[in-house]
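As a plain string of letters, each chain reads:
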Amino acid sequence: MKKLFLSILTIFVISMAGYAQSEILLDEPFSKSLGSFTLDEQKYPNCSYSSMWYVDVNYGYAKVTANKGGQSLGASDCKLISPVLNTEGYMQIVLRFDHTTYAGNSTSDVNYCLVKVSKDGKNWTKLTLPTWPTKRWGFVTCELDLTTYASSTMQFMFEYISTSNYAGTWEVKNVVVEALASPENYCPYEELEGLTSN
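Every chain is numbered on its own, with residues counted from 1 as its sequence reads. A pLDDT threshold of at least 70 governs which residues receive local features in this predicted model, and a stricter bar of 80 or more applies before side-chain atom pairs are shown or counted, although totals over entire chains, interfaces and linings include all residues. Only hydrogens and water are removed before side-chain values are computed, so all heavy atoms of the structure are retained for them.

(A) Molecular detail of the environment of G60. Think of it this way: any DSSP run of H or I at least four residues long counts as a helix, any run of E at least two long counts as a strand, and we number them from the N terminus. Inspection of the secondary structure puts G60 in the loop between β3 (54-56) and β4 (61-65). Burial status follows relative accessibility: with a 1.4 Å probe on protein chains alone, a residue under 20% of its type maximum counts as buried, one over 50% as exposed, and anything between as partly exposed. Classification of G60 as buried rests on a relative accessible area of 14%. With 30 residues separating them in the primary sequence, G60 and F30 have C-alpha atoms 6.0 Å apart. With sequence-adjacent residues up to four places away left out, G60 is seen in contact with P29, F30, S31 and K173. In this analysis, two residues are considered to be in contact whenever any of their non-hydrogen atoms come within 4.5 Å of each other.

(B) Representation of the packing of aromatic side chains in the model. For this analysis, a ring pair means two rings from Phe, Tyr or Trp (six-membered ring only for Trp) whose centres lie within 6.5 Å, classed as stacked if their planes differ by under 30 degrees, edge-to-face if by over 60, and tilted for the remaining angles. Here the structure, examined in full by the defined rule, presents 11 aromatic pairs. Arranged with centres 5.8 Å apart and planes meeting at 75°, the rings of F37 and F156 form a pair that is edge-to-face. On the criterion of sequence distance, the pair formed by F37 in the loop between β1 (22-28) and β2 (38-43) and F156 in strand β13 (residues 153-162) is long-range, its members being 119 residues apart. Residue F37 is classed as buried on the basis of its relative accessible area of 6%. Centre to centre, the rings of F97 and F158 are 5.0 Å apart; their planes meet at 80°, and the pair counts as edge-to-face. Residue F97 is located in strand β9 (residues 90-101), and its partner F158 is located in strand β13; the two are separated by 61 residues in the primary sequence.

(C) Up close: the nonpolar core. Counting 37 residues, the largest nonpolar core has W53, F97, F158, Y160 and V175 as its most contacted members. Going through the elements one at a time, β4, β7 (76-81), β9, β10 (113-118), β12 (140-145), β13 and β14 (169-181) are the ones with two or more residues in this core. The leading source of residues in this core is β14, at five residues. Beyond its immediate sequence surroundings of up to four residues, F97 is in contact with V115, L129, V140, T141, C142, L144, F158, V172, K173, N174 and V175. To qualify as a nonpolar core, a set must consist of buried Ala, Val, Leu, Ile, Met, Phe, Trp, Tyr and Cys residues joined through side-chain atoms within 4.5 Å.

Written out as structure tokens, the structure is:
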């Protein structure tokens, strides 16, 4: 019986050696608060609104707008910045989130609702969002591969921009960063905890 167990154990370990384990580095639904995200918001002269990024607890999403009654209340640059993520030792990093806009199409908001990523928290790269809502307030899931931007650490941000002539409304929720550990950094023996030969 012991030999049989050891044989099965050996096969299991060999088969698991090339397995890459998935880990959640960040999970923020924005249902109750902004969590570990921080704000960096600037209102330009003549901007008269005060509701920057905030959480609508009745509906469970982070929201930002400088629009009132169909009119812009002024120019602003409102950044919602993720915590620093430790990305060392991962072979793939994926950011997923649900988002929607008042306009419900990419032509209006693609230049005003931005996602950026940084390795050092100083230099930011604008990403192209592959998925935009096709109807007003219709949430869609957006998925971005951040692997090429990873180093030892990483941050990303949701940046909302309004002008004196244009101010959209953006809602974001269910933000998840999932990472795939490279095989050399994954220990299959951790999966064997609790196993016995009995």
